[in-house]
Amino acid sequence: MTIKKTALALLSVFTISAGASTALPNHPLPNHPIAGGIISLPIDNEGAVTLNDKPVLTTQIDGQRYAVIGVSLKAEDTLTLKIDGEEQPQLLEDFAYEEQHIEIKNTRKVNPQKNDMDRIGREYNQMTPVYQSFSAELTPDWNQMILPTTGPYSSAFGLKRFFNGQARNPHSGIDIAAPEGKNIIAPAGGTVVLTGDFFFNGQSVFIDHGQGLISMMCHMSRIDVKEGDIVQQGELIGAVGKTGRATGPHLHWTVSLNNARVNPKLLLKADQPK
Ligand SMILES: [Zn+2]
């Protein structure tokens, strides 16, 4: 992977603190009302909270109930929640993610052939229900996550991506550069809901942390868990590799909340390198 120098220089100064940030008092819930961010909102103890008629994560802290909502990278200026059937628009703040230009030698991974497109479609149909799922039980370490592997951050969340000069979807996770074979662990507890070898993502593991919060680890060289396994935070799930659309070994980690890919750093424990 060749990253143009300008993009690299921008990456080195890119931090999530550059985004809008309004810390809620006395608890660690993230509140970054930007595309790719997370909104935490105090709500009444009773009543249903929905986004696009689907339930969202709710949690109780010190007697106060909160709704915690992922904001899609495609979101524009408003997100409309429904609380007890009543519309509650949430204004989003502007945030411009940087561009990243990548050269991929295997052009088939940039402009897939027709039979590749069939495979990509089938894989999309496997992954989408996982991202849309909502299981009742939320793991207690859901907002105290640990990094699934260690190494320098090599590509930030949200970058507007160009592969061989062609615009593609923004970077929906974070990349950690690490040698092939290095351990990958579960960032938080949950259930392994999908494993596979995907066209773009390579060998991947999906963990359901509960209430619509899903992690995906990809480009793995080895998978050590199977669908249905219950994993604890820190448990070995596989090893770093470069399978799928990757030209060097690294871990790509996506976090999805209510089917919106959000910045995983927003849910990391305070002692984790940001
Ligand atoms: Zn990545």
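Residues numbered from 1 in each chain as written. Predicted model: local features only at pLDDT ≥ 70, side-chain atom pairs only at ≥ 80, totals over all residues. Heavy atoms only, no water.

A.B. asks: I tried to follow helix α2 (residues 114–132) on my own but got confused; where do I start?
C.D. replies: Look at α2: 27 Å from first C-alpha to last across 19 residues, which is about the 27 Å you get at 1.5 Å a residue. Every buried residue of α2 is accounted for by D116, I120, E123, M127, T128, V130 and Y131. Structurally, α2 contributes buried residues whose contacts are with β15 (190–198), β16 (202–210), β17 (213–220), β21 (250–257) and β22 (260–262). (Helix = DSSP H or I, 4+ residues; strand = E, 2+ residues; numbered from the N terminus. Expected span 1.5 Å × (residues − 1). Buried < 20%, exposed > 50% of the residue type's maximum accessible area, 1.4 Å probe, protein only. Contact = heavy atoms within 4.5 Å.)

A.B. asks: Even after reading the chapter, I still don't get the domain arrangement of the protein, so can you show me in this structure?
C.D. replies: Taken as a whole, the protein is organised into domain 1 (2–91) and domain 2 (105–267). Each side of the interface is counted separately: domain 1 has 23 residues, and domain 2 has 24 residues. Here domain 1 packs against domain 2, burying approximately 1900 Å² in sum over the two surfaces, 72% of which is carbon and sulfur. The interface formed by domain 1 and domain 2 includes 0 salt bridges. The tally of links from domain 1 across to domain 2 stands at 3 residue pairs in polar contact (both at pLDDT 80 or more). Among the elements of the structure, β5 (57–61) and β6 (64–70) are those that each provide at least two residues to the side of domain 1 that touches domain 2. When grouped by side-chain class, the residues that make up the side of domain 1 that touches domain 2 number 16 nonpolar, 7 polar and no charged. (Domains from an automatic or database assignment. Buried area = accessible area lost by both parts, 1.4 Å probe. Salt bridge = Lys/Arg side-chain N within 4 Å of Asp/Glu carboxyl O. Polar contact = N/O pair within 3.5 Å; in protein donor to acceptor, adjacent residues only side chain to side chain. Nonpolar A, V, L, I, M, F, W, Y, C, P; charged D, E, K, R; others polar.)

A.B. asks: Looking at this structure, I do not really get the nonpolar core. What am I missing?
C.D. replies: Grouped burial of nonpolar side chains is what soluble globular proteins tend to show. W142, I207, L213, M217, I237 and W253 are the most contacted members of the largest nonpolar core, which totals 37 residues. Broken down by element, the residue count for this core peaks at 4 residues, all from β21. Two domains each donate at least three residues to this core, and these are domain 1 (2–91) and domain 2 (105–267). I39, V71, A75 and L79 belong to the second largest nonpolar core, which has 14 residues in total. (Core = buried A, V, L, I, M, F, W, Y, C linked by side-chain atoms within 4.5 Å.)

A.B. asks: How should the sheet that holds strand β14 (residues 183–185) be read in this particular structure?
C.D. replies: With respect to topology, 3 strands assemble into an open sheet ordered β14-β20-β18, the strand pairing being antiparallel. Edge positions in the sheet fall to β14 and β18 (222–223), since each of these pairs with one other strand and no more. (Pairing = 2+ DSSP bridges.)

A.B. asks: Looking at this structure, I do not really get the UniProt feature "domain: M23ase beta-sheet core" (unreviewed entry) in the protein. What am I missing?
C.D. replies: With numbering matched to this structure, UniProt assigns "domain: M23ase beta-sheet core" (unreviewed entry) to residues 170–264. As a span, residues 170–264 carries 0% helix and 55% strand, and end to end its C-alpha atoms are 15 Å apart. (UniProt positions renumbered as here; feature names shortened; annotations may be inferred.)

A.B. asks: I'm lost on the pattern of salt bridges in this one. Help?
C.D. replies: Pairs may arise between side chains of opposite charge once their charged atoms sit close together. This structure, assessed with the given rule, holds 6 salt bridges. Of the charged contacts in the structure, one is a salt bridge between D224 and R222, with a shortest N-O distance of 2.7 Å.

A.B. asks: When you look at the sheet that holds strand β4 (residues 54–55) in this model, what are you seeing that I'm missing?
C.D. replies: Picture the strands of a sheet paired through backbone hydrogen bonds; they go either parallel or antiparallel. Pairing within the open sheet is antiparallel, and its 4 strands lie in the order β4-β3-β7-β8. Of all strands in the sheet, those bounded by a partner on one side alone are β4 and β8 (86–91). As paired strands, strand β7 (residues 78–83) and β8 are joined by 6 bridges and run antiparallel to one another. Paired with L79 across the bridge in β8 is Q90.

A.B. asks: Mind showing me how you'd approach the coordination of the zinc ion here?
C.D. replies: Coordination angles at a metal have ideal targets, namely 109.5 degrees for four tetrahedral donors and 90 or 180 degrees for six octahedral donors. Coordination of the zinc ion by the protein is provided by H171 (NE2), D175 (OD) and H252 (ND1), with metal-donor distances spanning 2.0 to 2.1 Å. One chain supplies every donor for the zinc ion, spaced along it as H-x3-D-x76-H. One end of the pair, D175, is in strand β13 (residues 174–177); the other, H252, is in strand β21, with 77 residues separating them in the sequence. For H252, a relative accessible area of 7% gives the class buried. (Donors = N, O, S within 2.8 Å, 3.2 Å for Na, K, Ca; no water.)

A.B. asks: What am I meant to see in the environment of G212 here?
C.D. replies: By the element assignment, G212 lies in the loop between β16 and β17. Taking relative accessible area as the criterion, G212 reaches 1% and is therefore assigned buried. On a C-alpha basis, the gap between G212 and G70 in space is 9.6 Å, while along the polypeptide they are 142 residues apart. If we skip the residues at most four places from it in the chain, G212 touches S133, F134, S135, S256, L257 and N258.

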